[in-house]
Amino acid sequence: MVNRASVYHRRKIFFKKDKKFNVMATEVVQIGVGQLSSKYYYDPSKPYYVKTQECIFFNYNFQNNIPYAISFTSTENINDEWKSWVRHMRIKKNTDGTLQLLLDENAIDVTQ
């Protein structure tokens, strides 16, 4: 059994370090429908780097109340093993008109 608190803590420490990631690909998937968008950054003359705490650009017009899985593949160094990262997300429009970003389990639970 995996201790979720321990995994969360390791992720938190990992992302607090000042690191630079070479993004190789991004993808947007609508849950239950399939792939909506993908972008590849394989040109070594134009690498796409992001630092810890920076946003990754997903060139997609997200809609309210649709559950998505967003992912990207990256390396820390050009010769390192590729790692894939996935988050579930949904933008919820509240009754007062404000928008709320729901992540992971909250994004999938459409009763929220």
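Now for a quick tour of the structure. (Residues numbered from 1 in each chain as written. Predicted model: local features only at pLDDT ≥ 70, side-chain atom pairs only at ≥ 80, totals over all residues. Heavy atoms only, no water.)

**Brief notes about unusual backbone geometry**
Now for step 1: Within the chain, Gln53 stands out as a residue other than glycine whose phi angle is a positive 75°.
Now for step 2: Classification of Gln53 by relative accessible area gives exposed; the value is 69%.
Now for step 3: Of note, Asn65 is a non-glycine position whose phi angle comes to about 60°, a positive value.
Now for step 4: Its location among the elements puts Asn65 in the loop between strand S3 (48-51) and strand S4 (68-75).
Now for step 5: For Asn65, a relative accessible area of 43% gives the class partly exposed. (Buried < 20%, exposed > 50% of the residue type's maximum accessible area, 1.4 Å probe, protein only. Helix = DSSP H or I, 4+ residues; strand = E, 2+ residues; numbered from the N terminus.)

**Quick word on the packing of aromatic side chains**
Now for step 1: Tallied over the entire structure, the rule returns seven aromatic pairs.
Now for step 2: Seen in terms of ring centroids, Tyr41 and Tyr48 are 4.8 Å apart; in terms of plane orientation they differ by 50°. Their pairing is tilted. Like Tyr48, Tyr41 is buried.
Now for step 3: With a centroid separation of 5.0 Å and an interplanar angle of 85°, the aromatic rings of Phe62 and Tyr68 are classed as edge-to-face.
Now for step 4: Joined through ring pairs, the aromatic side chains of Tyr40, Tyr42 and Trp82 make up one cluster.
Now for step 5: Its end group placed over the ring of Tyr49, Lys20 keeps NZ or CZ at 4.4 Å from the ring centre. (Phe/Tyr/Trp six-rings, centres within 6.5 Å; stacked < 30°, edge-to-face > 60°. Lys NZ or Arg CZ within 6 Å of the ring centre and 35° of its normal.)

**Observations regarding a nonpolar patch on the surface**
Now for step 1: On the surface, a nonpolar cluster with roughly 370 Å² of combined accessible area is contributed by Tyr40, Tyr42 and Trp82.
Now for step 2: Within the secondary structure, Trp82 sits in the loop between S4 and strand S5 (83-93). (Patch = residues over 30% accessible without salt bridge, like charges linked within 9 Å, V, L, I, M, F, W, Y side chains within 5 Å. Areas by Shrake-Rupley, 256 points an atom, 1.4 Å probe, with all protein chains shown as cover. Salt bridge = Lys/Arg side-chain N within 4 Å of Asp/Glu carboxyl O.)

**Section: the pattern of salt bridges**
Now for step 1: Taken as a whole and assessed by the stated rule, the structure comprises one salt bridge.
Now for step 2: Residues Arg87 and Asp104 are paired through a salt bridge, measuring 2.9 Å at the closest nitrogen-oxygen approach. Of this pair, Arg87 sits in strand S5 while Asp104 sits in the loop between strand S6 (99-103) and helix H2 (105-108); the two residues are 17 residues apart in sequence, bridging distant segments of the chain.
Now for step 3: Here Arg87 falls in the partly exposed class, since its relative accessible area comes to 39%.
Now for step 4: Classification of Asp104 by relative accessible area gives partly exposed; the value is 23%.

What is shown is where atoms sit, not what they do.
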